[in-house]
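The chain contents come next:
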Amino acid sequence: MDELITMTAAELSAAVAAGDVSAAEVTGAHLERIAAVDERVRAFLHVAAEDALAQAREVDRKRAAGEPLGLLAGVPVAVKDLFTTVGAPATCGSKILEGWYPPYESTITGRLRDAGAVLIGKTNMDEFAMGSSTENSGYGPSHNPWDLARVPGGSSGGSAAAVAAYEAPLALGTDTGGSIRQPASVCGIVGTKPTYGGSSRYGVVAFASSLDTPGPFGRNVLDTALLHEAMSGHDPLDSTSIDAPVPPVVAAARHGDVSGMRIGIVTDLSGAGYQPGVMSRFTEAVELLESLGAKVTELSCPHFRYALPAYYLIAPSECSSNLARFDGMRFGLRAGSGSAEEVMAQTRAAGFGTEVKRRIMLGTHALSSGYYDAYYGKAQQVRTLIIADFEAAFGQVDVLVSPVTPTTAFRLGERADDPMAMYLADLCTIPANLAGNAAISVPCGLADEDGMPVGLQVMAPPLADDRLYRVAAAVEAAFTARLGHPLLTESKGLDA
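These remarks concern the structure in this document. (Residues numbered from 1 in each chain as written. Predicted model: local features only at pLDDT ≥ 70, side-chain atom pairs only at ≥ 80, totals over all residues. Heavy atoms only, no water.)

1. Structural notes on helix α2 (residues 9–18)
Listed as buried for α2 are A9, L12, S13, A15 and V16. Down the axis of α2, the buried side of the element spans an arc of 165°, and every buried residue falls inside it. At its buried positions, α2 is contacted by α1 (3–6), α3 (23–41), α4 (49–65), β4 (170–175) and α8 (221–231). Two residues or fewer after α2 comes G19, characterised by a positive phi angle close to 80°. (Buried < 20%, exposed > 50% of the residue type's maximum accessible area, 1.4 Å probe, protein only. Helix = DSSP H or I, 4+ residues; strand = E, 2+ residues; numbered from the N terminus. Arc of directions from axis to C-beta. Contact = heavy atoms within 4.5 Å.)

2. A few points about the side chain of H143
In this structure, H143 sits in the loop between β3 (118–123) and α6 (157–164). Reaching out from H143, the side chain makes a polar contact with the backbone oxygen of L148 at a distance of 2.8 Å. Discounting chain neighbours no more than four positions away, the residues touching H143 are R40, V41, R42, L148, R150, P152, A161 and L412. (Polar contact = N/O pair within 3.5 Å; in protein donor to acceptor, adjacent residues only side chain to side chain.)

3. Side note on a nonpolar patch on the surface
A cluster of nonpolar side chains, namely Y104, Y202 and L237, defines an oily patch on the protein surface of about 270 Å² accessible area. Inspection of the secondary structure assignment puts L237 in the loop between α8 and α9 (249–254). Residue class for L237 comes out exposed when judged on its relative accessible area of 53%. (Patch = residues over 30% accessible without salt bridge, like charges linked within 9 Å, V, L, I, M, F, W, Y side chains within 5 Å. Areas by Shrake-Rupley, 256 points an atom, 1.4 Å probe, with all protein chains shown as cover. Salt bridge = Lys/Arg side-chain N within 4 Å of Asp/Glu carboxyl O.)

4. Structural notes on the pattern of salt bridges
In the structure shown here, the tally under the stated rule is 14 salt bridges. Across the pair K95 and E98 runs a salt bridge whose closest N-O atoms are separated by 3.8 Å. The partner of D448 in a salt bridge is R281, with the nearest N and O atoms 3.0 Å apart. With D448 in the loop between β10 (438–446) and β11 (453–460) and R281 in helix α10 (residues 276–291), this pair connects stretches of sequence that are 167 residues apart.

5. Here's the deal with the pairing of β10
Within a regular strand, side chains alternate between the sheet's two faces. Of all nine residues in β10, eight are buried; the element is thus mostly enclosed. As judged from the three bridges shared by strand β5 (residues 190–193) and β10, these two strands associate in the antiparallel manner. Each bridged residue has a counterpart across the sheet, and for K193 the counterpart in β10 is A439. Across seven bridges, the pairing between β10 and β11 is antiparallel. Bridge pairing in β11 places L446 opposite P453. Linking β10 to β11, which pair antiparallel, is a turn of six residues; within it G451 sits at a positive phi near 70°. (Pairing = 2+ DSSP bridges.)

6. Structural notes on the packing of aromatic side chains
All told, the structure shown has 12 aromatic pairs when counted by the stated rule. Between F304 and F390, the aromatic rings sit 4.8 Å apart at their centres with planes inclined by 50°, giving tilted as the arrangement. Here F304 is found in the loop between β8 (295–299) and α11 (307–322), whereas its partner F390 is found in helix α14 (residues 373–394), with 86 residues between them in sequence. Judged by its relative accessible area of 3%, F304 is buried. Between the aromatic rings of F326 and F352, the centroid separation amounts to 6.4 Å while the plane-to-plane angle is 85°, which identifies the pairing as edge-to-face. A residue pair is termed long-range when its members are at least 10 positions apart, and F326 in the loop between α11 and α12 (340–351) and F352 in the loop between α12 and α13 (354–367) qualify at 26 residues. The exposure class assigned to F326 is buried, which follows from its relative accessible area of 3%. Among the residues examined, F352 registers a relative accessible area of 5% and is labelled buried. Ring pairing ties together the aromatic residues W100, F128, F326, F331 and F352, which thus form one cluster. (Phe/Tyr/Trp six-rings, centres within 6.5 Å; stacked < 30°, edge-to-face > 60°.)

7. Side note on α12
End to end, α12 covers 16 Å across 12 residues, agreeing with the expected 16 Å (1.5 Å per residue, within 8%). Among the residues of α12, V343, T347 and G351 are the ones counted as buried. Buried residues in α12, looked at end-on, bunch into an arc of 45°, giving them a common side. (Expected span 1.5 Å × (residues − 1).)

8. Section: the nonpolar core
Residues L112, F128 and L456 are the most contacted members of the largest nonpolar core, which totals 155 residues. Setting aside residues up to four positions removed in sequence, F128 forms contacts with C92, S94, I96, L97, V205, F207, L323, F326, F352 and V356. (Core = buried A, V, L, I, M, F, W, Y, C linked by side-chain atoms within 4.5 Å.)

Structural data, given as structure tokens:
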């Protein structure tokens with residue numbers, strides 16, 4: 001592979017700033033990689049080749065003129081296709097928005113442009129972020145670069161696959177119930193769900209507003225922290241944005257040290273249903289942290305067992321409200337003819353996929369008269385109990401750890417007709433979304449059964465995102481020292 005596409009984001013930005021390589025050369029190398037492999041990976045829905053090269057040339061102009069360069073100057077970033085970006089389509093993986101070009105820029109992509117990043121294209125996703133495999137995309141599934149017959153996770157599977165396939169060093173995703181951490185885990189890369197409100201939702205098409213959290217993907221911990229810092233911070237355009245400084249995530253990633261850190265193992269996130277290879281790598285990761293000086297203890301968060309059913313009432317309820325705007329009248333697809341109600345019904349029937357329809361119906365039922373208190377109201381009470389579990393746990397430890405997902409990447413089509421089996425992929429990740437905590441997935445080895453990547457999940461209190469990077473950087477450094485190379489270089493799918 002071309003040297004430029006295997007360099008880290010930190011190395012690329014430094015090389016561009018020093019004039020060792022031009023941003024246009026870096027972008028060109030990644031566009032060539034996309035052209036070479038994306039027919040098999042299918043990570044991208046839209047490749048912004050001309051616009052990306054124009055962005056890169058602007059970075060080169062600034063460097064030549066001696067103007068200040070941003071944190072990610074010249075670094076290509078792939079963008080999940082639910083961020084609005086001027087000049088590029090935003091489909092949310094849905095036929096109902098096919099061909100729609102948003103008239104405004106999301107806060108996060110605007111910040112990345114200001115940081116000198118090159119937005120190289122829009123990535124595939126489960127329709128409106130509803131899914132755990134990217135198989136719910138209206139444009140067909142993406143493929144896992146480790147094994148093209150397996151899923152890359154979801155709903156941000158296209159972004160994770162793009163980074164794992166060396167099509168971009170960094171990518172943006174969103175995490176509503178695990179949609180960054182789960183694909184990061186199964187693709188062998190790093191993915192972070194920041195504290196809810198720590199990254200702006202302005203210009204991010206909503207699925208479940210109290211859960212949606214934009215976050216970064218990278219091939220290593222430092223790169224992920226750089227993107228995290230560049231994209232984060234208070235945004236007055238987002239009413240849920242936290243007016244607080246961005247935690248020192250880059251400093252933490254540069255100096256991963258867990259000596260004396262109190263780490264809690266969540267006993268409720270293990271046991272029957274977990275793949276043995278996943279549990280073996282998780283146990284080894286915990287032993288590794290202990291060998292590095294961390295103080296490890298087991299503790300129970302008893303209400304975590306109710307997180308999955310609570311989530312699948314809260315998230316569909318919010319989605320049924322948010323997706324009401326897609327009516328065939330204002331933007332996007334318009335199908336059929338007749339009265340407004342007839343057009344709306346025909347448009348939604350033609351434009352929404354099966355999973356979106358399923359969740360809208362479930363959410364509408366949960367919010368309906370006579371059922372609201374029994375379903376949605378009760379789920380919110382469970383959410384409060386889960387938050388209390390986290391608060392009690394963080395009174396005893398600095399971070400919590402668990403597997404990211406019970407299994408490695410499953411085969412395409414394996415769970416397509418079994419929604420409950422698909423939902424179980426998010427069993428370990430959902431509690432952090434319900435509570436609004438920060439969480440990360442960092443690679444911790446390969447499962448014995450299939451040689452596929454396994455991720456370690458680290459969870460921290462709100463606005464303690466830097467703790468995630470301390471632990472993740474320590475794991476990454478120890479793991480790389482043991483193997484003699486980063487995990488991702490062992491990817492067997494595309495370039496074996």
